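# A look at the structure
The primary structure of each chain is shown beneath.
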Amino acid sequence: MNASSTSPSPAPAGHPAIGPSTAGTSAPLAGTRERPLGAVGTARPRIEGPAKVTGAVRYAADEPTGDLAHGWVVTSAVTRGLIRDIDTSAALAMPGVLGVIDHRNAPRLNLDAGSFFGPDGGMHLLQSDEIPHSGRPIALVVAETAEQARSAAMALRVTYDEEPYDVNFSLEHPAARPATSFFGEDATVGDVDMELAASAVVVDERYVTPEAHGAAMEPHSATAWWEGERLQVVDSNQGPFLVAITAATLFYLDPKQVRVRSPHVGGGFGSKSGGCGPQLILAVMATTVFDRPVRVTLTRSQVFQTVSMRPATDQRVRIGVDADGRLRAIGHTAAFEVSKLADYLENCTELSNTLYAARAIRTRRIAVPVDILPPYSVRGPGATPGSFALESAMDEVAERLDMDPLELRLRNEPSVGPVSGLPFSRRNLVACLREGARRFGWATRDRHPRTRREGCLLVGTGMAATSFGAGALPSTASITAEADGDFTVAIGASDIGTGARTALTAVAAEALRVNPEKIRLLIADSDLGPAWGAGGSRGTTSWSWAITEAAAKLRSQLGGATLPLTVSFDTTESLGELPLMERHSYSAVFCEVTVDPATGEVRVRRLLGMFAVGRVINPLLARSQLVGGMIMGLSMALHEDGVRDPATGRHVNGDFAGYHIAAHADVPDIEADFVPDYEPGDPSGIKGVGEIGTVGTAAAIANAVWHATGSRQRTLPIRPDRVLEERPPS
């Protein structure tokens with residue numbers, strides 16, 4: 001499926017870098033195939049790699065700024081209540097302290113500002129004496145140095161009037177309500193109850209996942225200052241243009257007054273995508289109040305307290321099948337926690353609507369408002385916990401039918417969208433399943449549990465299938481044909497460690513018919529124009545579409561043109577012309593585990609994933625993304641657990657000492673590879689790879705643990721105490 005290594009063909013005359021023979025040639029129409037030109041499909045290391053490993057790259061907290069002051073965040077010590085008083089006298093008397101901002105003197109914010117889901121009270125910081133959740137920022141101490149600000153913050157004396165709180169999330173919570181229909185209405189196809197009653201086998205089980213945190217390597221940081229009437233911000237985020245628009249709304253500014261840059265981001269995983277982070281809001285407040293540049297960098301503990309997380313879920317899945325394994329019914333009710341401050345949709349039922357054919361499908365999404373920080377996206381939002389529930393239930397169906405889980409999935413392959421009735425643009429799940437099974441050696445597996453042992457260890461294998469929505473969102477790109485023969489490509493993309501610079505350089509080189517060395521890429525700046533952020537596995541597809549179309553427009557105008565020549569292209573209209581189809585990436589994940597029943601220790605010995613992700617821009621970077629996603633899925637399955645103390649409502653493991661993530665010793669041999677695929681609705685034939693690696697992995701591991709032990713794990717993470725056996729086999 002990878003592009004061939006043929007040399008780039010010449011582009012139109014009139015530009016020093018290109019030949020004279022194809023003036024007026026335009027790019028192919030969306031969905032058509034054109035012979036790859038070498039840049040796309042070639043494994044190339046990251047452009048910024050040497051600078052990163054030598055420390056030359058600057059992140060948000062490294063921005064050199066003159067006359068810089070530092071802000072230190074003070075968070076609430078109670079879960080819910082009112083601030084009775086903040087005594088700032090001791091802090092203000094300390095060396096280097098410039099002042100304290102709290103609800104009594106903070107700039108007023110636009111309470112209508114929010115995200116895609118509407119107004120977000122999580123952004124409305126220091127606006128009142130109310131404390132809606134634990135860890136809420138209640139003050140910012142600003143000083144000449146970070147150390148002085150921190151010392152002064154510790155000297156603040158805050159008194160509270162505590163109020164009752166509710167953090168007890170469950171499917172049966174009395175405040176549960178239908179979730180927002182942001183991604184479409186719940187599904188009702190056929191009569192699920194009737195089909196369940198007529199089924200030979202019925203699985204009806206509950207599956208629970210905890211709060212999970214993005215836990216990016218780089219903590220959130222922002223530096224803000226005013227240049228005349230223009231606000232300048234260097235921030236760690238996943239989409240500078242969208243953040244700039246939100247910041248302008250929040251602070252009652254014209255969008256042209258706000259410039260946001262995020263040159264390098266040390267990971268995000270969704271935690272840097274939800275509008276404006278607290279670091280940016282507080283830094284802008286401080287530079288406005290003190291009239292000098294201010295930097296706010298969150299500590300690791302503050303990130304856990306103040307930055308959005310994946311919500312906990314409680315899901316009931318009912319599946320009914322005939323004796324031959326044909327699905328009659330899928331019922332999937334997914335409850336997830338939300339904050340009382342903002343709405344959000346964790347779309348757990350997405351896969352139940354798209355993955356398997358069934359006579360009847362009913363999905364219901366339920367939001368449970370509790371007193372917590374507003375949740376938001378974490379890698380593979382909705383689909384990741386939803387996949388754990390659906391694919392665990394499918395494995396239970398196979399178990400009760402005494403059928404190979406692989407065969408069960410193959411037997412229920414749909415021909416059109418099971419709920420939408422729309423055709424698939426390209427559906428390559430079967431290819432992933434068959435090739436993954438072949439490479440893994442699945443055919444030699446005894447499907448009965450607890451049959452393999454190695455000394456005191458039980459050995460099991462499991463698998464899961466999954467999909468993740470594919471597509472693009474409106475973006476604008478500009479390309480300049482320079483007089484020196486190079487091309488400057490400008491787009492407001494964000495590279496959050498995924499290698500976007502390298503991938504987009506290859507896309508631009510192919511579209512312009514030149515070598516990658518001729519491309520100068522400008523990204524990560526809101527001044528470059530509207531562009532989708534790095535999220536939803538739609539960043540690279542959205543940006544590539546805009547670049548490809550801009551290149552086609554430029555090439556059609558180059559013949560005899562005076563240089564430099566700049567053209568721009570906005571994909572909004574092109575995207576609106578796409579026919580309605582089911583567009584997805586697909587994967588099949590296979591896993592082998594060992595379980596020590598005497599200690600409860602689970603070790604993943606092997607992970608293999610086969611992926612259908614469209615045309616692969618850079619196999620080296622794409623494979624790295626998929627392996628990283630599978631590691632996050634492993635971490636979700638075995639380690640990650642955001643725990644709240646019911647007696648206080650506060651996090652009890654809000655740091656890397658208590659919130660466990662997979663370490664090197666936990667990561668096995670991981671193989672990720674691609675099946676031939678192509679997205680006909682995209683000019684470059686590509687799909688996103690950022691999230692599909694995470695989505696199915698936890699279910700594959702849980703299914704392997706069942707195969708090893710004969711005990712089903714329906715609650716994540718699979719901790720030792722949940723696996724430990726009182727009388728392990730001798």
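The following paragraphs examine the structure supplied in this document. Keep in mind that this is a model prediction, so the values were computed, not measured. (Residues numbered from 1 in each chain as written. Predicted model: local features only at pLDDT ≥ 70, side-chain atom pairs only at ≥ 80, totals over all residues. Heavy atoms only, no water.)

### Quick look at the packing of aromatic side chains
- Throughout the structure, instances matching the rule amount to 13 aromatic pairs.
- Summarising the aromatic geometry, the rings of F117 and Y376 are spaced 6.1 Å apart at their centres and angled 80° between planes, so their arrangement reads as edge-to-face. With F117 in the loop between strand 4 (114-115) and strand 5 (118-119) and Y376 in the loop between strand 18 (360-370) and helix 9 (383-401), this pair connects stretches of sequence that are 259 residues apart. Considered together, F117 and Y376 belong to a single accessibility category, that of buried residues.
- Taking the centre distance of 5.3 Å and the plane angle of 65° together, the rings of F304 and Y659 count as edge-to-face. With F304 in helix 7 (residues 300-306) and Y659 in the loop between helix 15 (619-638) and strand 27 (669-674), this residue pair connects regions lying 355 residues apart in the sequence. Side by side, F304 and Y659 carry an identical accessibility label, which is buried.
- One aromatic cluster is present, formed by F117, F182, F183, Y344 and Y376 through successive ring pairs.
- Between R427 and the ring centre of F424, over which it is positioned, the NZ or CZ distance is 4.8 Å. (Phe/Tyr/Trp six-rings, centres within 6.5 Å; stacked < 30°, edge-to-face > 60°. Helix = DSSP H or I, 4+ residues; strand = E, 2+ residues; numbered from the N terminus. Buried < 20%, exposed > 50% of the residue type's maximum accessible area, 1.4 Å probe, protein only. Lys NZ or Arg CZ within 6 Å of the ring centre and 35° of its normal.)

### Brief notes about helix 3 (residues 146-155)
- Those residues of helix 3 lying buried are A149, A152, A153 and A155. Angular distribution of buried residues about the axis of helix 3 spans 155°; they occupy a single face of the element. Counted as exposed and oriented over 90 degrees from the buried face of helix 3: E147 and M154.
- The secondary structure elements touched by the buried residues of helix 3 are strand 1 (69-75), helix 2 (89-92), strand 3 (97-102), strand 7 (137-143) and strand 8 (157-162). (Arc of directions from axis to C-beta. Contact = heavy atoms within 4.5 Å.)

### Brief notes about empty space enclosed by the protein
- Throughout the structure, instances matching the rule amount to five cavities of 30 Å³ or more.
- The element best represented in the lining of the largest cavity is helix 6 (residues 278-290), accounting for three residues.
- Across the lining of the largest cavity, the residue classes break down as nine nonpolar, 11 polar and three charged.
- In terms of lining residues, the second largest cavity is bounded by T209, P210, A212, H213, R310, V378, T384, M632, M636, E640 and T694. (1 Å grid on protein atoms, 1.4 Å probe; cavity = no way out; pocket = protein on both sides within 12 Å on 5 of 7 lines; lining within 4 Å. Points joined across faces, edges and corners; volume = space filled by probe spheres on them. Nonpolar A, V, L, I, M, F, W, Y, C, P; charged D, E, K, R; others polar.)

### Things to note about the sheet that holds strand 25 (residues 584-596)
- Taken together, the five strands give an open sheet; going across it, the order is 19-20-25-26-27, and neighbouring strands pair in mixed fashion. A strand with exactly one partner marks an edge of an open sheet, and here the two such strands are strand 19 (452-454) and strand 27. Across the sheet, the mean angle from the axis of one strand to that of its neighbour is 25°, orientation sign disregarded.
- Summarising the sheet, strand 19 and strand 20 (residues 457-469) pair through three bridges and their orientation is antiparallel. Opposite R452, over in strand 20, you have V459 as the bridge partner.
- Sheet strands touched by helix 15: strand 25, strand 26 (601-612) and strand 27. Its angle to strand 27, the strand with the most contacts, is close to 130°.
- Across the sheet, helix 17 (residues 697-709) touches strand 20, strand 25 and strand 26, and the angle it forms with strand 20 is around 155°. (Pairing = 2+ DSSP bridges. Axes fitted to C-alpha atoms, helices over the stretch in contact; angles between N-to-C directions.)

### A short note on the side chain of T571
- Mapped onto the elements of the fold, T571 is located in the loop between strand 24 (565-570) and helix 14 (572-576).
- Looking at T571, its side chain comes within polar contact range of the main-chain nitrogen of S475, at 3.0 Å.
- T571 has contacts with L473, P474, S475, W545 and A546, leaving out every residue within four places of it along the chain. (Polar contact = N/O pair within 3.5 Å; in protein donor to acceptor, adjacent residues only side chain to side chain.)

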